[in-house]
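# Structure at a glance
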Amino acid sequence: MREVRLIRRSSYVFLLHAESPDFWNHYKQLHRLELYDGGVMSSHSVSPSQQASLYELATLSGDPAAVQNASTRASSLTRSHTSGSVLRHAEPQEGTTVQELAPLDKGVRAWTFCACGFVVEMMVWGFLFSYGIFQEYYTSHPPFNASSQVAVAAVGTVGLGIQYGEVLFLSVLFRRYPDYMRPAMWCALVLYFICLLGSSFATKVWQLILLQGVGLGFSGGFMYLPVMILLPQWFSERRGLAGGIIFAGTGVGGFIFPFMLNSLLNNIGLRWTLRIWAIMTCVGTGIAFYGIRPRVPIAKYRAGQRRPLAPRMEYFRSPLFLSFSLTCLIQGLSYFPVSLYIASFTQTVATPLTATVVLSLFNSAGVVGQVALGYLTDRFAYPWVMFFSSVGSALAAFFLWGFAGGPALIYPFAIIFGALSGGFSSVWPNAAVDCAGRKPENADITYAGTAMFKGVSAVIGPIVSGILLEEGKSSTLGHGYGRAGYGAVEIFVGSCALATGVGSVVVAVARQRVTVQTPIAS
């Protein structure tokens, strides 16, 4: 069912054709649009593939006569439809400005947004997930090699934890101040550049934690979150696929960047590596920002004008949200230790070059996993995609990593675990809409709430693994299992992945109950 409504925002009147029953609520809440002259004008059934269109009927500037003209014209459209004729857009009157929204789920602008989101994801997250290269360098080169592995690992985990954890705060902030979202992106890019450049002068681990951890994590959230907020505007039926492509940027960056960083570190040293990377990130991400634009015009607010209030957080008490978020937390406990320690482990049983290749394979496998699992979530219930991903990851951790004593088992482990566990986050966009229930316009809030749980695991997982590694240094569990003291870490990772599979079943049950009680918005 498609609703046709006459709406007014500031000095503009629009005619909105909503391609789903939830489309109107989403943009009314997001952009403070107000109904004019009675709300619903008419409705009729359409094909789901038809696109939304938003027409600026008149620039009113507060002129009552213009409002009346627009209302009369809209009413004639209603009478035409209710009398049995096909609803169509009247030709604009002379002097009227007509604006149509870009197509949904297709078109150059939609896929340009997707491509630019991919680049932002690659530059922001791909660098963080390549921290294993820096960790290996810091622990083997002065002036940081005298510090403990846990302290050095804290640089990467703090960055990940902040970048995940600040998402809820930023979602509420940008909901209230949507007109400041793009300026905030550019300011964050400047801060990101300053912090990365400043870390090239660091001589203490606490300085790295402050600059490369806190600074990059805080600014990185401002840079990438607008991509997630605007994604539902551009994609509906292909939301899972588009989200998977964007998330795959992490894997592509994680594949390419370790080779680049390793080469730079070996040839020009740490200081100039960080400086060159700061410039490259600033240029590449800055260009991509030009494609990160909203599909629907953002409301402009005058001084003193009431802004949108933060949505109520009742979603966070729902069994579906809690079960899904806790499952994602447990999944993070299995994923982050591998992303952080797989290069260090490989170097102890192979060569530094092999370690770089393995880390690249691990991250690049996530590209395939993100796209494939994202595609599957558009076709099948996402709890069972979660179950398949987690059980496969557990088996890989227990048997491939556990018995790995060289590249023969490390390579397949990196590919299988990287694809299945690295692609897990592709279920988030569709799950966030489900958790929002009857108000899919608040999916960004439920998404942000889940990210906070993932941020907790990004900090706790590597710390627990670091402690387990310190306790089991240079020992094995027998029969060739758990080489180089990593046995307890491998069991921890596999157990958390297996627990994620159990959590996926709980999510399926919670989702089924929600479906029975109140239909979930698609």
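Residues numbered from 1 in each chain as written. Predicted model: local features only at pLDDT ≥ 70, side-chain atom pairs only at ≥ 80, totals over all residues. Heavy atoms only, no water.

## A few points about the packing of helix α7 (residues 181-199) against helix α9 (residues 239-289)
The following threshold applies: Note on geometry: axes are lines fitted to C-alpha atoms, helical ones only across the stretch in contact, with angles between N-to-C directions running from 0 to 180 degrees. Helix numbering and strand numbering both begin at the N terminus, where a helix is a DSSP run of H or I of at least 4 residues and a strand a DSSP run of E of at least 2. Convention used here: angles under 35 degrees read as roughly parallel, angles over 145 as roughly antiparallel, angles from 65 to 115 as roughly perpendicular, and any remaining angle as oblique. Two residues form a contact once any of their heavy atoms are found within 4.5 Å. Throughout, the ten residues Ala, Val, Leu, Ile, Met, Phe, Trp, Tyr, Cys and Pro are labelled nonpolar, Asp, Glu, Lys and Arg are labelled charged, and all others, Gly among them, are labelled polar.
One way to put it is that α7 packs onto α9 with a least axis distance of 8 Å and a crossing angle of 170 degrees. By the angle class used here, α7 and α9 are roughly antiparallel. When α7 is examined against α9, the residues Arg182, Met185, Trp186, Leu189, Tyr192, Phe193, Leu196, Leu197 and Ser199 are found in contact with a partner set consisting of Arg271, Leu274, Arg275, Trp277, Ala278, Ile279, Thr281, Cys282, Thr285, Gly286 and Phe289. Partitioned by chemical class, the residues of the contact of α7 with α9 number 13 nonpolar, 4 polar and 3 charged.

## Description of the environment of Val155
Relative to the helices and strands, Val155 is located in helix α5 (residues 149-165). Among residues more than four places away in sequence, those in contact with Val155 are Tyr131, Leu208, Ile209, Gln212 and Gly213.

## Quick notes on the state of the cysteines
To keep things clear, this is the line we draw: Any two cysteine sulfur atoms lying within 2.5 Å of each other are counted as a disulfide. Throughout, exposure labels follow a simple rule: accessible area from a 1.4 Å probe, protein chains only, divided by the maximum for the residue type, with under 20% read as buried, over 50% as exposed, and the rest as partly exposed.
Overall, the coordinates contain 0 disulfides when judged by the stated rule. No disulfide involves Cys116; its nearest neighbouring cysteine sulfur is the one of Cys114, lying 9.5 Å away. You can call Cys116 buried: its relative accessible area is 14%.

## Observations concerning the pattern of salt bridges
The following threshold applies: Here, a salt bridge means any side-chain nitrogen of Lys or Arg that lies within 4 Å of a carboxyl oxygen of Asp or Glu.
Considering all chains together, one arrives at 1 salt bridge under this definition. For Arg511, the salt bridge goes to Asp434, with nearest N and O atoms at 2.6 Å. Of the two residues, Arg511 sits in helix α16 (residues 487-517) while Asp434 sits in helix α14 (residues 428-436), which places them 77 residues apart along the sequence. Taking relative accessible area as the criterion, Asp434 reaches 6% and is therefore assigned buried.

## Section: unusual backbone geometry
The omega angle of the peptide bond from Pro142 to Pro143 is 10 degrees, so this bond is cis rather than trans. Its place among the elements puts Pro143 in the loop between α4 (131-140) and α5.

## Some details on the environment of Val368
Inspection of the secondary structure puts Val368 in helix α11 (residues 352-377). Along the backbone, Val368 and Gly423 are 55 residues apart, and their C-alpha atoms lie at a distance of 7.5 Å.

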